Amino acid sequence: MLATVWSPKGGVGTTVTAVVVASVLARRRSVRLVDFGGDVPAVCGAHVGVPLGAADWLALADAAPPDALDAMALEIGEPFSLVPLGPNELGSPSGAALDAVAQSLADGSELNVVDAGRLPVRAIEAFLAVSVAAVAVVRPCYMALSRCAEHHALLRASTGLAVVCEPGRALTIRDVETVLERPVLASVPCTPDIARCVDAGVLLWRAPHELFSSVQQLVDRLALPGAIDPPTTSGQCA
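On a predicted model such as this, the values are computed, not experimentally measured, just so you know.

1. Here we look at the overall build of the protein chain
Line of reasoning, step 1. A count of helices and strands for the protein chain gives twelve helices and eight strands.
Line of reasoning, step 2. What you see for the protein chain is a C-alpha radius of gyration of 17 Å, in line with the 18 Å of a compact globule of 238 residues.
Line of reasoning, step 3. The principal-axis extents of the C-alpha atoms in the protein chain amount to approximately 50 × 35 × 35 Å.
Line of reasoning, step 4. Residues counted as buried form 52% of the 238 residues belonging to the protein chain.
Line of reasoning, step 5. Considering only contacts in the protein chain between residues 6 or more positions apart, those separated by 24 or more positions represent 76%.

2. Examining the pairing of strand β1 (residues 2-6)
Line of reasoning, step 1. Within β1, five of the five residues are buried, which leaves it mostly tucked inside the rest of the structure.
Line of reasoning, step 2. Residues Leu2, Thr4 and Trp6 line one face of β1 and the alternating positions Ala3 and Val5 line the opposite face, and both faces are buried.

3. Structural notes on the pattern of salt bridges
Line of reasoning, step 1. The final tally for this structure, using the stated rule, is five salt bridges.
Line of reasoning, step 2. For Arg122, the salt bridge goes to Asp99, with nearest N and O atoms at 3.1 Å. Here the residue Arg122 occupies a position in helix α6 (residues 121-129), and Asp99 occupies one in helix α5 (residues 95-106), the gap between them amounting to 23 residues.
Line of reasoning, step 3. The class of Asp99 is partly exposed, set by a relative accessible area of 37%.
Line of reasoning, step 4. The salt bridge partner of Arg196 is Asp193, with a shortest N-O separation of 2.3 Å. Separated by three residues within a single helix, Arg196 and Asp193 lie in helix α10 (residues 192-200), roughly one turn from each other.
Line of reasoning, step 5. Overall, Asp193 belongs to the partly exposed group, its relative accessible area being 42%.
Line of reasoning, step 6. One connected set of salt bridges, linked through shared partners, spans Arg139, Glu166 and Arg169.

4. Considerations on the nonpolar core
Line of reasoning, step 1. Val19, Leu33, Phe36, Phe80, Phe127 and Leu203 are the most contacted members of the largest nonpolar core, which has 83 residues in total.
Line of reasoning, step 2. The element that contributes the greatest number of residues to this core is helix α1 (residues 14-25), accounting for eight residues.
Line of reasoning, step 3. Sequence-distant contacts of Phe36, defined by excluding residues within four places in its chain, comprise Ala54, Leu58, Leu85, Leu90, Val114, Asp115, Ala116, Gly117, Arg118, Leu119 and Phe127.

5. Focus on the packing of α5 against α6
Line of reasoning, step 1. Interaxial distance between α5 and α6 falls to 8 Å at its minimum, and their mutual angle equals 35 degrees. The way α5 lies across α6 gives a crossing that is right-handed. Packed against α5, whose contacting residues are Gly95, Leu98, Asp99, Val101, Ala102 and Leu105, the element α6 presents Arg122, Ala123, Ala126 and Phe127 at the interface.

6. Some thoughts on the side chain of Asp220
Line of reasoning, step 1. Residue placement: Asp220 occurs in helix α12 (residues 209-222).
Line of reasoning, step 2. It is Arg28 that comes nearest to the buried, bridge-free Asp220 among opposite-charge side chains, at 6.5 Å.

7. Brief notes about the sheet that holds strand β8 (residues 184-189)
Line of reasoning, step 1. Pairing is mixed across the open sheet formed by eight strands, whose spatial order is β3-β4-β2-β5-β1-β6-β7-β8. The open sheet terminates on both sides in strands that have one partner only, identified here as β3 (74-76) and β8. Strand-to-strand twist of the sheet, defined as the mean angle between neighbouring strand axes without regard to direction, takes the value 25 degrees.
Line of reasoning, step 2. In the packing of α1 onto the sheet, contacts are made with β1, β2 (31-35), β4 (80-83), β5 (111-115), β6 (133-138) and β7 (160-165), and the angle to β5 comes to roughly 165 degrees.

8. Some details on the environment of Ser23
Line of reasoning, step 1. Along the chain, Ser23 turns up in helix α1.
Line of reasoning, step 2. Counting along the chain gives 154 residues from Ser23 to Glu177, while the straight-line C-alpha distance between them is 26 Å.
Line of reasoning, step 3. Beyond its immediate chain neighbours, meaning those up to four positions away, Ser23 contacts Pro79, Phe80, Leu204 and Phe212.

9. A few points about the confidence of the model for the protein chain
Line of reasoning, step 1. Confidence in the prediction for the protein chain averages 86 pLDDT; 91% of positions are at 70 or higher.
Line of reasoning, step 2. Counting interchain partners and residues more than four positions distant, the pLDDT-below-50 stretch residues 229-238 has 23 contacts.

10. What to know about the pairing of β8
Line of reasoning, step 1. When you tally the buried positions in β8, you get six out of six residues, the bulk of the element.
Line of reasoning, step 2. Across five bridges, β7 lies against β8 in parallel orientation. Across the sheet, Ala162 pairs through a bridge with Ala186, a residue of β8.

Reading the values: the criteria
Residues numbered from 1 in each chain as written. Predicted model: local features only at pLDDT ≥ 70, side-chain atom pairs only at ≥ 80, totals over all residues. Heavy atoms only, no water. Helix = DSSP H or I, 4+ residues; strand = E, 2+ residues; numbered from the N terminus. Rg over C-alpha atoms; globule rule 2.2 N^0.38 Å. Buried < 20%, exposed > 50% of the residue type's maximum accessible area, 1.4 Å probe, protein only. Contact = heavy atoms within 4.5 Å. Salt bridge = Lys/Arg side-chain N within 4 Å of Asp/Glu carboxyl O. Core = buried A, V, L, I, M, F, W, Y, C linked by side-chain atoms within 4.5 Å. Axes fitted to C-alpha atoms, helices over the stretch in contact; angles between N-to-C directions. Left-handed = near helix turned anticlockwise from the far one by under 90°. Lys, Arg positive; Asp, Glu negative; His and termini not counted. Pairing = 2+ DSSP bridges. pLDDT = per-residue confidence, 0-100.

Below is the structure:
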């Protein structure tokens, strides 16, 4: 089973959102976070010295042994297992290879959350095609919205949006929904306290409660198997 967290623009909070989504889900069921962004270990404060990672598994595609991903998974405290990107660069796998990898993640009962941070559009398409839920992460700023609007097909294939909100932004949740024509599932706060936790690698253990409560709302609205029933209201920017 596969849930994908993606954004067409770097630096908007995709990795932080993916990490907290995995952590919230792990309260209810087994979760594996597959890091195609490369920053999850740093955000979690984990020292990862693995010889192989998700980039290598992607390169192997359907030639990889079925248990290869399990062998690469690391325990991050207790919240979830992590398959890091690894020390090698992401290559340019063929469309068939991408489809095979995406289907491998989608098969089975274990829930895989993918941080699609550095993946090319074709790869994101492959993951979205077999995801039970997908979240596009965006900030309420003109540059981020413009970049996201260029990928209409990816947006339509996504369940909805997570809007990373900072105090003082001129654009509102309604503006984001109007421009991108997708529902905002929740707003994710971006505050100095949260940024300090990310910088220190203690996001999972010291982040303000408001971050986890907002992502809990996001998870609830995704209605993934094993999650609680979705509520009817959406988050709002501060």
